[in-house]
Amino acid sequence: MKKIILTTLFLISVVSCKKESAKPEDGMAVQDSVAALEPADAPAALKMFTAEQTSEFLGKKNDTLYVTNFFATWCGPCVKEIPHFKNKIQELNGKPVKITFVSVDSKNDWNTKVPQFVDEQGIRNNTVLLDGQQLGGDFFAANFKEWDGSAIPFTFMRRGDKTNETLGMISEEQLTEKINSLLK
């Protein structure tokens, strides 16, 4: 008899401790607090440009100043000058200036190193991918006066018919001076 009473009490305590299933009220679904947490939005995928798309972009002739910086994640001088461009993005916000970073990293790094790098630098929304291995001499000759693709960083600026090319690292002062001269 003692065993029956103890077993019954044990079963009653187990059943009473069992989590009650929530019943939806007014047809609303019920979620527990863990399920209600939404995952963070995934960052936007980086855009990939072909050589033709890059040429079209570089050739835009209007009242907007296009500042295009060709870089790679492994390039020390490229990394050093990125903060200068980021400062200009903030400073010129709302003005007719578009600053774009073109990664010429290997396609093998497009889904790993490049996204991580641009996120660390805070330039994801201003970065596009370009397969530098697919660019021939005709691409460089058609788009630039000086750059043959043999070295980076390289910065190309265009506003209307005016252009400016800078091969090698650019200081913040030089960047400011060149942007101001093209905005006149």
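Keep in mind that what you see is a predicted model, and the values were worked out from it rather than measured. (Residues numbered from 1 in each chain as written. Predicted model: local features only at pLDDT ≥ 70, side-chain atom pairs only at ≥ 80, totals over all residues. Heavy atoms only, no water.)

Participant: I tried to follow the sheet that holds strand β2 (residues 65–71) on my own but got confused; where do I start?
Facilitator: Strand pairing in a sheet takes place through backbone hydrogen bonds and is either antiparallel or parallel in direction. Strand order across the open sheet formed by six strands is β1-β4-β3-β2-β5-β6, with mixed pairing between neighbours. The open sheet is flanked by β1 (47–49) and β6 (162–167), the only strands paired with a single partner. On average, each strand axis in the sheet is inclined to that of its neighbour by 25°, with strand direction left out of account. Here six bridges tie strand β5 (residues 154–159) to β6, and the two strands are oriented antiparallel to one another. Note on β6: the bridge partner recorded for phenylalanine 154 is leucine 167. (Pairing = 2+ DSSP bridges. Helix = DSSP H or I, 4+ residues; strand = E, 2+ residues; numbered from the N terminus. Axes fitted to C-alpha atoms, helices over the stretch in contact; angles between N-to-C directions.)

Participant: Sorry if this is basic, but what is going on with the state of the cysteines here?
Facilitator: Simply put, the disulfide is a covalent bond whose two ends are the sulfur atoms of two cysteines. Considering all chains together, one arrives at one disulfide under this definition. For cysteine 75, the disulfide goes to cysteine 78, at an S-S distance of 2.4 Å. The disulfide joining cysteine 75 to cysteine 78 has a torsion of about 75° about its S-S bond and is therefore right-handed. By the burial criterion, cysteine 75 is buried, and cysteine 78 matches it. (Disulfide = S-S within 2.5 Å. Buried < 20%, exposed > 50% of the residue type's maximum accessible area, 1.4 Å probe, protein only.)

Participant: Looking at this structure, I do not really get unusual backbone geometry. What am I missing?
Facilitator: Most peptide bonds take the trans form, and the phi angle of most residues other than glycine is negative. Residue proline 153 is bonded to the preceding isoleucine 152 through a cis peptide linkage, with omega at 5°. Mapped onto the elements, proline 153 comes out in the loop between α6 (137–143) and β5.

Participant: I would appreciate a short explanation of the environment of lysine 61 in the present structure.
Facilitator: Considering the arrangement of structural elements, one finds lysine 61 in the loop between α3 (51–58) and β2. Judged by its relative accessible area of 54%, lysine 61 falls in the exposed class. The contacts of lysine 61, once residues within four sequence positions are left out, are Arg158, Gly160 and Asp161. Of the polar contacts made by the side chain of lysine 61, one reaches the side chain of aspartate 161; its length is 3.5 Å. (Contact = heavy atoms within 4.5 Å. Polar contact = N/O pair within 3.5 Å; in protein donor to acceptor, adjacent residues only side chain to side chain.)

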